[in-house]
Amino acid sequence: MLVAPDKFKGSLTAAEVAARVAAGLGVPAVELPVADGGDGTVDAAVACGFTRVTVEVTGPTGQPVTASYAWRPAGAPSAEGGGVPTAVIEVAESSGLRRLPGAPEPLTATSHGAGELIADAVRRGARRVVLGLGGSATTDGGAGMVQALGARLLDAEGHDLPPGGAALKALDRIDVTGFLDVSGVEFVVASDVDNPLLGPFGAAAVYGPQKGATPDDVKVLESALSRFAAVATRTHGLVGAVEHDDIPRPMGVAGAPGAGAAGGIGFAALAFLRADLRPGIAYLLDLLGFGELVRDARLVVTGEGSLDEQSLRGKAPVGIAQAAAKAGVPVVAVCGRRTLTDEELKAVGIEAAYALTDLEPDPARCMAEAGELLERLAARVAAEHLGAVR
């Protein structure tokens, strides 16, 4: 048995879900907490053998926060091979919505802390840095991140820009002479978001409102991010981010799928770190050794808080089902609630799904008693599925 769930947001971490499910199954099971690049990615890596490194960095509002990343030194066992010193950095740890001390600040929130985590990992000796993008509070195009790494974003008078996406409207040039030496470091962006930086499907338009941006704020941020893309073209060699008429459009690096992830941090990672964009859950499953473990499994139990339409867009349970299918191993899921039909689940490789709301219709009680209810669900999974796979 392999138990490989994501977190139940607001109730249980992925590790807690795995432990509860394993207890309820009543048979020996391997626990592999997973994540898709968003909240919980660092926790999942630590649960699978990485070491937690804690650093004080700049939060999204400029106040200091204590954040962490996952670290694996050279020579440690590595499912993807090479034994390369690897850091797994979750943007939400430093620059996430959960780091806001009060109301969102969509125009001024900064990704500076994400850059500080990267800098710490590189100075520690990382030769691979995995960036999990998800849950960010920022729409600054990753400007704060690159400032933390040594880039200077300057206005026409040579002054450094203040934090936040709105300030980018005054950007005149980018000075990277003091940029941290990242030669020899492989950067991987683990994200299933395919939005470009600009336009109706871009960072400001799609994700800005989720971070507190009003319609007028979205217009300000869109204009500012366009300016960032245009100036980066002229001063940083990002061919294709602006057309011959000097009007920024979602093309080139700015138009790359994933450039709009995490409020545009995807753009900065692609442009300034030359990152490789990988599907979040697929890459992280490789990193956590899922492929090795599933070969010996007879059944995989996965899950997340809500099995819904978003799950079909590359969330952890679907990614796990796809990976398990390659090994010919059946998959069932547990969840807090589900809106997907049996047919929709089977189409993505999940044979059956069990929801906490099947046992307790009150959502508040489901949240409060999630652990106990999960054990009861797992007992049902055992009764209905283990006989066929023993």
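Residues numbered from 1 in each chain as written. Predicted model: local features only at pLDDT ≥ 70, side-chain atom pairs only at ≥ 80, totals over all residues. Heavy atoms only, no water.

Side note on the pairing of strand β13 (residues 352-355)
- Because side chains alternate across β13, one face comprises the buried residues A352 and Y354, and the other comprises A353 and A355, equally buried.
- Sheet topology places strand β12 (residues 331-338) next to β13; 4 bridges connect them, and they run parallel. Bridge pairing in β13 links V332 to A352.
- Note that the unit made of β12, helix α12 (residues 342-347) and β13 has a crossover that is right-handed. (Buried < 20%, exposed > 50% of the residue type's maximum accessible area, 1.4 Å probe, protein only. Helix = DSSP H or I, 4+ residues; strand = E, 2+ residues; numbered from the N terminus. Pairing = 2+ DSSP bridges. Right-handed = clockwise from strand over helix to strand, strands pointing away.)

Focus: the sheet that holds strand β11 (residues 300-307)
- The strand order across the open sheet built from 5 strands is β2-β1-β11-β12-β13, with neighbouring strands paired in parallel fashion. Of all strands in the sheet, those bounded by a partner on one side alone are β2 (30-31) and β13.

A look at the sheet that holds strand β5 (residues 86-90)
- An order of β3-β4-β5-β6-β9-β10 is seen for the 6 strands of this open sheet, with the pairing classed as mixed. Looking along the sheet, the strands with just one partner apiece sit at the ends: β3 (51-58) and β10 (276-278). Averaged over all pairs of adjacent strands, the angle between their axes in this sheet comes to 25 degrees, without regard to strand direction.
- For strand β4 (residues 64-72) and β5, the ladder comprises 3 bridges, and the chain directions are antiparallel. Within β5, the residue paired with R72 across the bridge is T86.
- Relative to β3, helix α4 (residues 112-124) is tilted by about 135 degrees, and along the sheet it contacts β3, β4, β5, β6 (128-132) and β9 (186-190). (Axes fitted to C-alpha atoms, helices over the stretch in contact; angles between N-to-C directions. Contact = heavy atoms within 4.5 Å.)

Focus: the pattern of salt bridges
- Per the counting criterion, the structure on display carries 19 salt bridges.
- A salt bridge links R338 to D342, with the nearest nitrogen and oxygen atoms 2.9 Å apart.
- Assessed through its relative accessible area of 39%, D342 is described here as partly exposed.
- Ionic contacts of the salt-bridge type, sharing partners, join the residues K9, D39, E90, E93, R98 and R99 into one network. (Salt bridge = Lys/Arg side-chain N within 4 Å of Asp/Glu carboxyl O.)

A few points about unusual backbone geometry
- Positive phi is not limited to glycine here, since A262 has a value of about 55 degrees.
- Inspection of the secondary structure assignment puts A262 in helix α8 (residues 261-272).
- In this model, R274 sits at a positive phi of 55 degrees, which is unusual for a non-glycine residue.
- Take R274: it is sitting in the loop between α8 and β10.
- A relative accessible area of 54% places R274 in the exposed class.

Some words on the state of the cysteines
- Within the structure shown, the criterion is met by 0 disulfides.
- Sulfur of C366: no disulfide; nearest cysteine sulfur belongs to C335 and is 9.9 Å away.
- By relative accessible area, C366 is classed as buried at 7%. (Disulfide = S-S within 2.5 Å.)

Describing the pairing of β3
- Relative to β4, β3 runs antiparallel, the two sharing 8 bridges. For T54, the partnering residue across the bridge sits in β4 and is S68.
- Connecting the antiparallel pair β3 and β4 is a turn made up of 5 residues, with G62 showing a positive phi of about 95 degrees.

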